[in-house]
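Here's the letter readout for the chains.
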Amino acid sequence: MSSWTDKRPMSPHVSIWKWHITMAGSILHRATGCANYVGAAVIVAWLFATAAGPDYYEPLSAVTGSIWGQLILFGFTLSVCYHLLSGLRHLFWDAGKGFNPKFASTMGAIILVSSLALAVAIWLLAGLVPGVDPLHMTGAA
Amino acid sequence: MAGKESIRTPLGKVRGLGSAKHGAGHFITQRVSAIALLFLVPWFLISLIGAVRGGYDGALVWVADPINAVLTLLAVGTALYHMRLGMQVVIEDYIAKHGTRNLLLILNTFICIALFATAAYAVLKIAIAA
């Protein structure tokens with residue numbers, strides 16, 4: 001910073017900016033949006049494979065059914081859940097509600113925790129966690 | 001404008017145009033599609049997980065169902081529309097170089113339309129064959 005000679009106040013830059021949960025939430029909203037972009041392509045690939053027949057469906061299903069595939073799919077579920085809840089908050093912000101800093105920070109934390117809870121709940125209810133099948137979905141289809 | 005100083009730059013005054021980026025329309029359509037997705041995405045996620053559990057045959061039966069087919073097209077179509085708008089903002093924010101930016105914006109549109117065409121083909125093929 002020694003080379004900086006301009007006496008006027010400098011715009012707060014990311015390197016000197018204290019991390020706030022609202023800031024992390026905003027960055028996460030954008031990051032999950034980008035991740036969902038890739039996820040949407042996977043969904044479309046799944047639809048295409050279903051239409052194209054078992055020769056396409058089975059290899060894709062082998063990848064998504066592997067441990068890495070399952071991890072990525074859970075990450076995608078989490079990403080969608082976060083973007084959805086955070087997006088709902090954005091709609092309230094657009095209506096001019098929820099800007100009180102304390103409330104915004106609390107909601108930021110609540111959204112983080114509930115998106116994880118929602119993603120876990122979806123996987124538990126759908127019986128995607130091995131050994132757990134509360135709705136008895138295995139063999140139902 | 002008498003008595004009120006304009007904040008427009010001299011070049012802006014000469015050109016006589018506003019921003020060419022359709023900001024309000026973009027803002028509104030992004031939100032309207034978000035509201036639709038609030039309903040479509042939870043249904044799609046839960047329903048889709050049920051479908052993939054039935055393997056290939058289960059997936060086929062699920063997409064062939066008329067209600068599932070229509071709602072899938074709505075969910076995927078709205079999601080692709082929403083994410084084209086979102087990615088457009090990300091590109092405009094981070095890519096300053098004119099040529100690269102325009103190239104990526106065009107690519108973004110092409111990818112989203114190509115994905116929609118693929119999804120529409122797949123759903124219609126399965127649903128009409130059923």
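As the structure is a computational prediction, the values presented were derived from the model and not from experiment.

The rules behind the values
- Residues numbered from 1 in each chain as written.
- Chains lettered and ligands numbered in written order.
- Predicted model: local features only at pLDDT ≥ 70, side-chain atom pairs only at ≥ 80, totals over all residues.
- Heavy atoms only, no water.
- Salt bridge = Lys/Arg side-chain N within 4 Å of Asp/Glu carboxyl O.
- Helix = DSSP H or I, 4+ residues; strand = E, 2+ residues; numbered from the N terminus.
- Buried < 20%, exposed > 50% of the residue type's maximum accessible area, 1.4 Å probe, protein only.
- Contact = heavy atoms within 4.5 Å.
- Buried area = accessible area lost by both parts, 1.4 Å probe.
- Polar contact = N/O pair within 3.5 Å; in protein donor to acceptor, adjacent residues only side chain to side chain.
- Nonpolar A, V, L, I, M, F, W, Y, C, P; charged D, E, K, R; others polar.
- Core = buried A, V, L, I, M, F, W, Y, C linked by side-chain atoms within 4.5 Å.
- Expected span 1.5 Å × (residues − 1).
- pLDDT = per-residue confidence, 0-100.
- 1 Å grid on protein atoms, 1.4 Å probe; cavity = no way out; pocket = protein on both sides within 12 Å on 5 of 7 lines; lining within 4 Å.
- Points joined across faces, edges and corners; volume = space filled by probe spheres on them.
- Phe/Tyr/Trp six-rings, centres within 6.5 Å; stacked < 30°, edge-to-face > 60°.
- Lys NZ or Arg CZ within 6 Å of the ring centre and 35° of its normal.

With that settled, the discussion passes to the pattern of salt bridges. Scanning the entire structure with this criterion turns up 2 salt bridges over all chains. Of the charged contacts, one joins Asp93(B) and Arg30(A) as a salt bridge, the two residues approaching to 2.8 Å between their closest N and O atoms. Note that Asp93(B) is positioned in helix 4 (residues 66–94) and Arg30(A) in helix 1 (residues 21–52), a pairing that runs across two chains. Note on Asp93(B): relative accessible area 47%, which makes it partly exposed. Look at Arg30(A) and you get partly exposed, because its relative accessible area is 26%. When the shortest N-O distance is used, the salt bridge between Asp94(A) and Arg31(B) registers 2.6 Å. One end of the pair, Asp94(A), is in helix 3 (residues 67–94); the other, Arg31(B), is in helix 2 (residues 23–53), on a second chain. With relative accessibility at 23%, the residue Arg31(B) sits in the partly exposed group.

The next thing to look at is the interface of chain A and chain B. Chain A puts 33 residues into the contact, and the matching count from chain B is 42 residues. The largest share of the area that chain A buries against chain B comes from Arg30(A), Tyr37(A) and Leu47(A), three residues that together contribute 23% of it. If you look at where chain A meets chain B, you find 2 salt bridges. Taken together, chain A and chain B are joined by 5 residue pairs in polar contact (both at pLDDT 80 or more). Counting residues per element, the side of chain A that touches chain B draws most heavily on helix 1 of chain A, at 14 residues. Here the side of chain A that touches chain B is built from residues that sort into 23 nonpolar, 6 polar and 4 charged.

Judged by nonpolar contacts, the single largest core of 44 residues is most densely connected at Trp46(A), Leu47(A), Phe44(B), Trp62(B), Val63(B), Val76(B) and Met83(B). Among the secondary structure elements, those contributing two or more residues to this core are helix 1, helix 3 and helix 4 (101–125) of chain A together with helix 2, helix 3 (55–64), helix 4 and helix 5 (98–129) of chain B. Dropping the residues within four chain positions of it, Leu47(A) is found in contact with Val63(B), Thr72(B), Val76(B), Ala119(B), Ala122(B), Val123(B) and Ile126(B).

With 32 residues, helix 1 of chain A should cover 46 Å at 1.5 Å per step; its first-to-last C-alpha distance of 45 Å lies within 8% of that length. Looking at the residues trailing helix 1 of chain A, positive phi occurs at Gly53(A), about 115°.

Turning next to the confidence of the model for chain B. Per-residue pLDDT for chain B averages 89, and the proportion of residues at 70 or more is 92%. Here helix 1 (residues 10–15) of chain B stands out as the element of chain B with the lowest mean pLDDT, 76, in contrast to helix 5 of chain B, whose mean of 97 is the highest.

This part takes up the layout of surface pockets. Estimates place the volume of the second largest pocket at around 570 Å³. Taken together, 23 residues form the lining of the second largest pocket, with Trp46(A), Thr64(A), Gln70(A), Leu73(A) and Val52(B) sitting closest to its centre. When residues of the lining of the second largest pocket are traced back to their parent elements, those giving at least two are helix 1, helix 2 (54–65) and helix 3 of chain A together with helix 2 and helix 3 of chain B.

Turning next to the packing of aromatic side chains. Under the defined criterion, the tally for this structure stands at 10 aromatic pairs over all chains. Relative to Tyr121(B), the ring of Phe48(A) lies with its centre 6.3 Å away and its plane at 40°, an arrangement referred to as tilted. Of the two residues, Phe48(A) sits in helix 1 while Tyr121(B) sits in helix 5, which places them in two different chains. Here Tyr121(B) falls in the partly exposed class, since its relative accessible area comes to 44%. Note on Trp93(A) and Phe99(A): the rings are 6.1 Å apart at their centroids and 10° apart in plane angle, and the pair reads as stacked. Three or more aromatic residues joined by ring pairs make a cluster, and in this case those are Trp46(A), Tyr57(A), Trp43(B), Phe44(B), Tyr56(B) and Trp62(B). One cation-aromatic arrangement involves Arg31(B) over Phe27(B); the distance from NZ or CZ to the ring centre is 3.7 Å.

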